[in-house]
Structures are given as C-alpha cells and as structure tokens.
Amino acid sequence: MNTEYPEISTLIPHRSTMLLVDRLLHVDEKKGKVHASVGKNHLFLRENGTLAPEVCCELIAQSFGSCESFRRLQKGLSLEGGGYLASVRDVRVFEKAHIDDELIVHTEIMDACFNTYIVRGEVFCKETKLAQATVYLFMWQGKEPPQAV
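Residues numbered from 1 in each chain as written. Predicted model: local features only at pLDDT ≥ 70, side-chain atom pairs only at ≥ 80, totals over all residues. Heavy atoms only, no water.

### Structural notes on the packing of aromatic side chains
Item 1. All chains considered together, the criterion is met by 5 aromatic pairs.
Item 2. Taking 5.8 Å as the distance between ring centres and 40° as the angle between the ring planes, the aromatic pair formed by F138 and W140 counts as tilted. A single burial state applies to F138 and to W140, both of which are buried.
Item 3. Clustering of aromatic rings is evident, with ring pairs tying together Y84, F138 and W140.
Item 4. The ring of Y136 carries the charged tip of R89 above its face, separated from the ring centre by 5.7 Å. (Phe/Tyr/Trp six-rings, centres within 6.5 Å; stacked < 30°, edge-to-face > 60°. Buried < 20%, exposed > 50% of the residue type's maximum accessible area, 1.4 Å probe, protein only. Lys NZ or Arg CZ within 6 Å of the ring centre and 35° of its normal.)

### Let's talk about helix α1 (residues 56–74)
Item 1. Between its terminal C-alpha atoms α1 stretches 27 Å, which fits the 27 Å expected from 19 residues at 1.5 Å a residue.
Item 2. When you tally the buried positions in α1, you get 17 out of 19 residues, the bulk of the element.
Item 3. Taken from the residues just after α1, G76 is the one with a positive phi, measuring 80°. (Helix = DSSP H or I, 4+ residues; strand = E, 2+ residues; numbered from the N terminus. Expected span 1.5 Å × (residues − 1).)

Here's what the structure looks like:
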C-alpha cells in the first residue's frame, strides 16, 4: 500500500530546532517508522560531531506523536490537542549517531489507558541499532488536557 503522508510539521507542534523528526515512512494501527536527519545545526549535536545519546527518548516521543496524529487524521479526528513525554524506562544506548547520519525510528504501542501510551522505540542508522527505550506519553484532544479528578 502506497500512502501519502503529510508534512511532520502539520502533525506535531514542535518547530525549528526542537523538531527532531522530518518525515513519516510507515504508519499502521500500532507501529510506525519515522525518518530523522542529524544535520550540522542539530540541537543535540555535540562538539565532537556526535548526537547526545539521551536524545533517543525525544526522537521516539516525536516519532510516536507524529504517527498517532496521522492515525487520528485517518479516523477523521481533529489534531487539536497536545501531549508530552511523561516517563522513560529501559533506555539502552548501543552506539552514537554522528553528523550527517540518517536515522530511522521505529515505534510500537505496547499499551494505552486513559490517554497514556506506553511505547517501545528503537533508533537505527542503516542496519545498526543505536538505542532503544520504552516511553510513556500523555496525549489529549481538545484545547486543554483533561483535568484530574
């Protein structure tokens, strides 16, 4: 199935230096694949030309957010809303990304309850797995997040 995907900037609120992902590659009911480039002006690029390894969690979060927004669009739902990275577990960094690397971020929804998603993510450069983590994301629809009771 050949799917046209919208620009990432129409799916998540991040802009300019904080927008770390650049295009959707594949989205299905639970899984997603997103592309990210490590350019010379990348916000998390260190002086030695490597990407700060902890950024893998934000890459996974933005990738999931983009995929989930696309899923909402496919269902005819509004993209009005927001979300944030609430927690991170089981982070493992195997290799560092370098300037000019092209990254592929895989995400999979492991569970979801009360607007909170548990997502397993992996970051690759070519065939090499750079990092993996489980992230907990809170997302809502509408102008403001739901109030706790």
